[in-house]
Amino acid sequence: MHKIPAFLFCLLLGIPAFAQPKGYSPVKNTQAFQQELIQSNRTKQTISSDFTQTKNLSLLEDRIVAKVKFLFKKEDRVRIEYTSPYYYLLVMNGGQILVKDEQKTSRINTGNSKLMQSVNRVMIDCMQGSVFQNPDFTVTAYENNTGYLLQLVPATAAMKNMFRQIEVQLDRRSLDVSRLTMKEAGGDYTDMDFRNTKHNVALDETLFKVK
Amino acid sequence: MSRWMRRCLKSSSLALLCLAGSCASPYRSLKPAGPPVVSAARYQPVFEKALYRCVVDGRFFFRRFRLSGVLLLKRMPDHTTRAVFQNEMGFSFFDFEWDDRDSFKVNRVIPQLDKPAVIATLEKDLRLLLMKGLDYGSEQYYRDDAATWHRFTLDKGYAWYVEENNLLTRIENSGKRRVITMGLSGPGQPGSLPGGVLIRHHRAGFTIQLHKINQDASE
C-alpha cells in the first residue's frame, strides 16, 4: 500500500496543514517544557521591554514600522505604548482596557478590542507560561539550539477570522519572548521584535491606571 | 379671526419660511463663472506612497464609537492605487484597489466591515479625496466672494472642489443638501496630497480624521 504524505492527506481532507517551522523540531516532552515555562515565569514579577512592530504588506511589497514600549506587571497588567510614527497607548488592568491616542482617552468596547484582548492574552500567557491553556488556540511547541517556537493555530471562529496563525519565539535560556508574529488570512503578517528585556524592575502602579 | 389666531398664523408662516430657507441648497449663493478658469484636474494628487493616522468618530443607536488606525495609500508599478487601513497593532481592516481606469475592487475586508453600504461609503470618501472617476467633461465653475467652486456631476449628486488662492481647501459631495464635506489642510498645492483631512458625513453622523505622518519609524 502506498503511503500518502501527511500534507497531501490533509489537503485531501480539507484540513490546513501547518508545516513544521524551518530549523525547528517538535519539543519532545511538552509537559516538561510547560512546567519549565511556568517555573521560569514565576520569578518574573515585572517585565520591561521595547519592541519594533513591522507590518509586512505582502501584496503591496511594503511595510510599516512602529516603535513600542512594553511593560508587564503580575498578574495581568500590561502597558503598550506606541511612540513612533504615531502615539497610541493601550493599558490592560484586569478586565479593563484603556486606550489613548493623540486626542482622546477612552475605554474600548469594539471588535477592535477583541483583537487587542486576544493579542494581549497571548502576551500575558507567554509571560505567565499559561499559553498552552489558551482555549482560543491550539498550541504546538518546537525547539532548536537557540530557542523555542510556539505555533498558535486559531481554534475558534472569531480567532480564525482574524488570524491564520500566531508564532511566538522564546529565548532558550531566559524563556523571554523574542518575537511575536501575527499572520493574517490574506498573507500579511506583523512581527513584534522584542529587545532590552528586563525583569523585576520597579514599575509604578500609576503606569497601569485605567480610570 | 381673533388677534391671537392671526398672531399664531403669522408666527407659523415665519417659521415655515425659515425652515424652507434652511432646506434651500447651500450652493444657492454661488454665481456661475465661465472660462478661463483652470480645471480642478490639476489638483488630482500624484504620489507614490503616503501614510495617514486615521481616527473615525461616530454614533450608532445612541452609542458613541471610535476606531483608529493607519491608512496607507500607495501607487503600484502596475498603475493601480491601493488603500490599506490597519489598526495600530498591524491588523488589516480593508485593502481597496483602483486600476488605471479608476475601476474599483475590494481585495480584502474584515467581516465586520463587509457590508455594501460601509464599503460604498469608504470607497466614496477615498475616491473624492484622490479625485478618481471624475467626469472632467461635466466640470462647471462657480464663484463666491472668496473661492472658485469646481462642480463635477456624479452618478448621484455632485462633487465640489473648492479652490482658494490656488490652493485646494475643501471637497464636498452633495445632492440637494451637503452629504459629505472634507476640510483640507496643508499643503493644498496642485498635485499634492493634503497634510490633514477632516471628513464629515452629515447624514450618517460620523467623522473621519486623517493626519499625514512620517512613512514609518525606520525612516
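Residues numbered from 1 in each chain as written. Chains lettered and ligands numbered in written order. Predicted model: local features only at pLDDT ≥ 70, side-chain atom pairs only at ≥ 80, totals over all residues. Heavy atoms only, no water.

## Structural notes on the environment of A:Arg179
Residue and element names in this part refer to chain A.
Okay, so step 1: In this fold, Arg179 is placed in strand E11 (residues 177–183).
Okay, so step 2: For Arg179, a relative accessible area of 27% translates into the label partly exposed.
Okay, so step 3: Between the C-alpha atom of Arg179 and that of Glu61, which follows or precedes it by 118 residues, the distance is 21 Å.
Okay, so step 4: Of note is the side chain of Arg179, whose polar atom sits 2.6 Å from the side chain of Asp193. (Helix = DSSP H or I, 4+ residues; strand = E, 2+ residues; numbered from the N terminus. Buried < 20%, exposed > 50% of the residue type's maximum accessible area, 1.4 Å probe, protein only. Polar contact = N/O pair within 3.5 Å; in protein donor to acceptor, adjacent residues only side chain to side chain.)

## Digging into the packing of aromatic side chains
Okay, so step 1: Across all of its chains, the model carries 22 aromatic pairs over all chains by this definition.
Okay, so step 2: Measuring from centroid to centroid gives 6.3 Å for A:Phe163 and B:Phe91, while their planes differ by 65°, and the two rings are edge-to-face. Linking A:Phe163 in the loop between helix H4 (157–162) and strand E10 (165–171) with B:Phe91 in the loop between strand E4 (81–86) and strand E5 (92–98), this pair reaches from one chain into another.
Okay, so step 3: An aromatic cluster of three or more residues is present, and its members are A:Phe137, A:Phe163, B:Phe85, B:Phe91, B:Phe93, B:Phe94, B:Phe96, B:Trp98 and B:Phe104.
Okay, so step 4: Over the ring of B:Phe91 we find B:Arg108; its NZ or CZ atom is 6.0 Å from the centre of that ring.
Okay, so step 5: Between B:Arg178 and the ring centre of B:Tyr27, over which it is positioned, the NZ or CZ distance is 5.1 Å. (Phe/Tyr/Trp six-rings, centres within 6.5 Å; stacked < 30°, edge-to-face > 60°. Lys NZ or Arg CZ within 6 Å of the ring centre and 35° of its normal.)

## Comments concerning the pairing of strand E3 (residues 62–73) of chain A
All names here are of chain A.
Okay, so step 1: The element E3 is extensively covered by neighbouring structure, given that 9 of its 12 residues are classed as buried.
Okay, so step 2: As defined by bridge partners, strand E2 (residues 46–57) adjoins E3 across 12 bridges and the pair is classed as antiparallel. Residue pairing across strands places Leu57 opposite Asp62, the latter belonging to E3.
Okay, so step 3: The antiparallel pairing of E2 with E3 creates a hairpin that spans 4 residues between the two strands, and Glu61 there sits at a positive phi of about 50°.
Okay, so step 4: Bridge analysis of E3 against strand E4 (residues 77–84) gives 7 bridges, and the strand direction is antiparallel. If you follow Leu71 over to E4, its bridge partner there is Arg79.
Okay, so step 5: Taking the residues that link successive antiparallel strands as the turn, the E3-E4 hairpin has 3 residues. (Pairing = 2+ DSSP bridges.)

## Thoughts on the sheet that holds strand E12 (residues 189–199) of chain A
Residue and element names in this part refer to chain A.
Okay, so step 1: Ordered by their spatial adjacency, 12 strands build an open sheet running E1-E8-E9-E10-E11-E12-E2-E3-E4-E5-E6-E7, and the pairing between neighbours is antiparallel. Each end of this open sheet is capped by a strand with a single partner; those strands are strand E1 (25–26) and strand E7 (105–106).
Okay, so step 2: Most of the contacts of helix H2 (residues 30–42) go to strand E9 (residues 147–154), to which it runs at about 105°, and overall it touches strand E8 (137–143), E9 and E10. (Contact = heavy atoms within 4.5 Å. Axes fitted to C-alpha atoms, helices over the stretch in contact; angles between N-to-C directions.)

## Regarding the interface of chain A and chain B
Okay, so step 1: Each partner contributes residues to the interface: chain A has 39 residues there, and chain B has 32 residues.
Okay, so step 2: When the two sides are added together, the surface that chain A and chain B hide from each other amounts to roughly 3,000 Å², 55% of it contributed by carbon and sulfur.
Okay, so step 3: Summed over the shared surface of chain A and chain B, the result is 5 salt bridges.
Okay, so step 4: Across the salt bridge formed by B:Lys74 and A:Asp62, the nearest N and O atoms sit 2.9 Å from each other.
Okay, so step 5: Seen at the junction of chain A and chain B, the total is 14 residue pairs in polar contact (both at pLDDT 80 or more).
Okay, so step 6: Elements with a minimum of two residues in the side of chain A that touches chain B: E2, E3, E4, helix H3 (111–128), H4 and E12 of chain A. (Buried area = accessible area lost by both parts, 1.4 Å probe. Salt bridge = Lys/Arg side-chain N within 4 Å of Asp/Glu carboxyl O.)

## Concerning the environment of B:Pro77
Okay, so step 1: Mapped onto the fold, B:Pro77 is located in the loop between strand E3 (63–75) and E4.
Okay, so step 2: In this structure, the C-alpha to C-alpha distance between B:Pro77 and B:Glu48, residues 29 residues apart in sequence, is 9.3 Å.

## Focus: unusual backbone geometry
Okay, so step 1: In this chain, A:Ser84 is followed by A:Pro85 through a cis amide linkage whose omega measures 5°.
Okay, so step 2: Cis geometry is found at the peptide bond from B:Gly186 to B:Pro187, where omega equals -10°.
Okay, so step 3: Structurally, B:Pro187 is set in the loop between strand E11 (178–185) and strand E12 (196–201).
Okay, so step 4: Here the phi dihedral of A:Leu175 falls at roughly 60°; this positive angle occurs in a residue that is not glycine.
Okay, so step 5: Residue position: A:Leu175 is located in the loop between E10 and E11.
Okay, so step 6: Taking relative accessible area as the criterion, A:Leu175 reaches 3% and is therefore assigned buried.

By themselves, these are just geometric observations and shouldn't be taken as functional.
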